[in-house]
Amino acid sequence: MTTSSNISPSGNKVNPDLENERKKCTFLVEDFAEFWHGGKEKLAEKRWREDFFLNDPELKSAVPLEYLSHKEKYEEAVRKSTIGFKKIRELRSLGKDGIDNYMALLSGMLGSGLTPDGNPFSLHYVMFLPTLMGQGTPDQQAEWMGRAWACNIIGTYAQTELGHGTFIRGLETTATYDPKTEEFVLNSPTLTSFKWWPGGLAHTANYAVVVAQLYTKGQNQGIFPFIVQLRDEETHMPMPGIKVGEIGAKLGMNTVNNGFLGFDNVRIPRKNMLMKNAQVEKDGTFIKAPSSVLTYGTMMFVRVVIVRDMANYLSKAVTIAVRYSAVRRQSPINPGEREPQIIDHVTQQLKLFPQIAKSIAFRMTADYLWTMYNQVTSELDKGDLDRLPELHGMACCLKAITTSEAAAAVEICRLACGGHGYMSCSSFPTTYGLTTAACTYEGENTVLLLQTARFLMKAWVSAKIGDSLAPTVAYLGNNYKSTVNGIRPKWDKSIPGIISAFQTCAAGKVNLAFENVERRKKEGISHENATNMTSIELASAADAHGRAFLIQATYESVQEFVKQVPPALGEVIQDLVTLYAVDASLRFLGDLLRFVEITEKDLRELQATLETLLTRIRPNAVGIVDGFDIPDDILQSALGAYDGNVYERIYAEAMKSPLNQEPVNKSFHLYLKPFLKSHL
């Protein structure tokens, strides 16, 4: 893309207001695109990949998705997905093989353009294959990985049940070992034990990793993963004892093909239990895993991926809203003058610019978390489990915070576009469906915050006795004495000062939660009940911990990046990071007032800084979202297209409606005309 031409990549003339915005930009959009996508080579690779897929006529839909039936949407998604993965095989012959191609079609922006309402193959790659890699023995990987990677079989990950989701230990599906036949017998003893929600399970997958309660020698050993064949490989008919189908229409992600699954005495061989960490021997002897948390490795991987997904979805939403705000004119600021672009209203800037900053923060933190994940998993392979609880705690709270924030941010962007944002052709309904779904899949957010809180309570005890702490909670040790003594540090308006203030707030909340749990236990209440009674404060402490980390990880990551980018771009990135920190400070003033010595003068300065940042970002807003480098075919928005021809595109989308293909609908003759002539 270029900021100097008034012709869009599609060949259309660019709206003059949007063109003028691009001329105001103080940095080169290409520099931002390279920063955002990880360098010149990765950006070029991304663009080549998009061109390779998006310009294939077979991957175009003849009819807009919203006008298809539920069944037709799924069938179209399968058609496109099979073509997409065939094209990945073509890339191998061109020397462009790699995992990035798969991830682009599954959880990346390209995938959201090709299958906007979700990909029915997603769990095959994002959970089935990683589980085989992470939980299978070398022999099991040799047996299953080749076939799965080549898509000779399609798998899913069946964990959540109709009656139990995030509380995994409560799962009811049973796998009982029979030493006589060396088989596990799987059963769904109740309706609530039916697997419910797995993507691709309904009609796409023919295999699944099934998480079930293991029973051997009359003992329940806990939950473990098993490979189960669901459908015949030739006919695709369900295997004996398997009851499988689709769960029905949803708010969004209707082409993911979420399904249900029940078992009636389904037998699988002993070797189908994934036994890298725990094993069942031929006689039924159970060998325990070194850590029960190892069973949840796949979920930790997915939670790390989700944080990056939220940055992508949010970048899509802000691109649409910012471009629309540059084209839409409304409500004169000065009487008698022309209606201004709505982006000139400071309230509109306050709605949109912090959301741009959030997309940057989520992306930087996702990369930070990904590095941490790789380090910890590398240590796990060497038998070192020390940092596993830290990774688990951080992945839980960041998944919870980024998904809830992203869903709220997409809704803010939609509302910022007025009535037109309510239309399907705006792309907001689909984008919101994708983001809000993430608030509950792979762990309901409140429960995940409480998981992090458990880790924080243990860390607080370590801080109390002076033990060493994991890097992400080291601040608890630094703040312990001042926190328990009620000492409130003075406010420092620098970004390191804001990070320190948020860490002080987190330490204060951790301390309060810890004290209240202990107080209730001293009153004779059990630890479990005391924890439940303190759960509001525990969740709040975990939330504060995660928010402090978001600001810290973003700031530290950006300090490295700004050394590598042109100064003009570095200033803009610094402004966005500062805006993220300042906006967070104003949104969580209650915490700051409670735990930090902050004055009215400080608050006035904070507000003034916010308004200054909005003014500084204003001329660069369109340039920034252009730098996300999202093609129109992926954006799929009449409001946010690169050329800014909003009204022409909205009208063109309206004319695609089946109701506009004929001047008179048959309902007039069948119902409306007789009604009008009935003389009621």
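This write-up is about the structure you can find in this document. (Residues numbered from 1 in each chain as written. Predicted model: local features only at pLDDT ≥ 70, side-chain atom pairs only at ≥ 80, totals over all residues. Heavy atoms only, no water.)

Some words on helix 18 (residues 567–587)
- Between its terminal C-alpha atoms helix 18 stretches 30 Å, which fits the 30 Å expected from 21 residues at 1.5 Å a residue.
- The buried count for helix 18 comes to 15 of 21 residues, which makes it a mostly enclosed element. (Helix = DSSP H or I, 4+ residues; strand = E, 2+ residues; numbered from the N terminus. Expected span 1.5 Å × (residues − 1). Buried < 20%, exposed > 50% of the residue type's maximum accessible area, 1.4 Å probe, protein only.)

Side note on a nonpolar patch on the surface
- A surface patch of nonpolar side chains, about 490 Å² in accessible area, is lined by Leu672, Phe675, Leu676 and Leu680.
- By secondary structure assignment, the location of leucine 672 is in helix 24 (residues 666–676).
- Leucine 672 sits in the partly exposed class, given a relative accessible area of 42%. (Patch = residues over 30% accessible without salt bridge, like charges linked within 9 Å, V, L, I, M, F, W, Y side chains within 5 Å. Areas by Shrake-Rupley, 256 points an atom, 1.4 Å probe, with all protein chains shown as cover. Salt bridge = Lys/Arg side-chain N within 4 Å of Asp/Glu carboxyl O.)

Description of the pattern of salt bridges
- This structure, assessed with the given rule, holds 41 salt bridges.
- Aspartate 591 serves as the salt-bridge partner of lysine 509, at 3.1 Å between the closest nitrogen and oxygen. Here lysine 509, found in helix 15 (residues 495–522), pairs with aspartate 591, found in helix 19 (residues 589–595); they are 82 residues apart in sequence, far enough to count as distant. Both residues of the pair, lysine 509 and aspartate 591, belong to the buried class.
- Across the pair glutamate 653 and lysine 656 runs a salt bridge whose closest N-O atoms are separated by 2.9 Å.
- Using a relative accessible area of 23% as the deciding quantity, one classes glutamate 653 as partly exposed.
- The exposure class assigned to lysine 656 is partly exposed, which follows from its relative accessible area of 41%.
- Taken together, the shared-partner salt bridges in this structure form one network comprising Lys358, Glu405, Asp543, Arg547, Asp583 and Arg587.

Side note on the environment of arginine 520
- Looking at the element boundaries, arginine 520 is found in helix 15.
- Sequence-wise, arginine 520 and threonine 534 are 14 residues apart; in three dimensions their C-alpha atoms are separated by 8.8 Å.
- Residues in contact with arginine 520, not counting those within four places in the same chain, are Ile525, Ala530, Met533, Thr534 and Glu537.
- At a separation of 3.5 Å, a polar atom in the side chain of arginine 520 contacts the main-chain carbonyl oxygen of methionine 533. (Contact = heavy atoms within 4.5 Å. Polar contact = N/O pair within 3.5 Å; in protein donor to acceptor, adjacent residues only side chain to side chain.)

Quick notes on the sheet that holds strand 8 (residues 259–263)
- Strand order in this open sheet of three strands is 4-8-7, and the pairing throughout is antiparallel. Two strands bound the open sheet, and with one partner strand each, they are strand 4 (195–196) and strand 7 (242–246). (Pairing = 2+ DSSP bridges.)

Let's talk about the side chain of threonine 472
- Turning to its location among the elements, threonine 472 is positioned in the loop between helix 13 (445–465) and helix 14 (474–484).
- Only 2.7 Å separates the side chain of threonine 472 from the side chain of glutamate 390, close enough to count as a polar contact.
- Setting aside anything within four residues of it in sequence, one finds threonine 472 in contact with Met372, Glu390, Met394, His545 and Phe549.

Keep in mind these values describe shape, not function.
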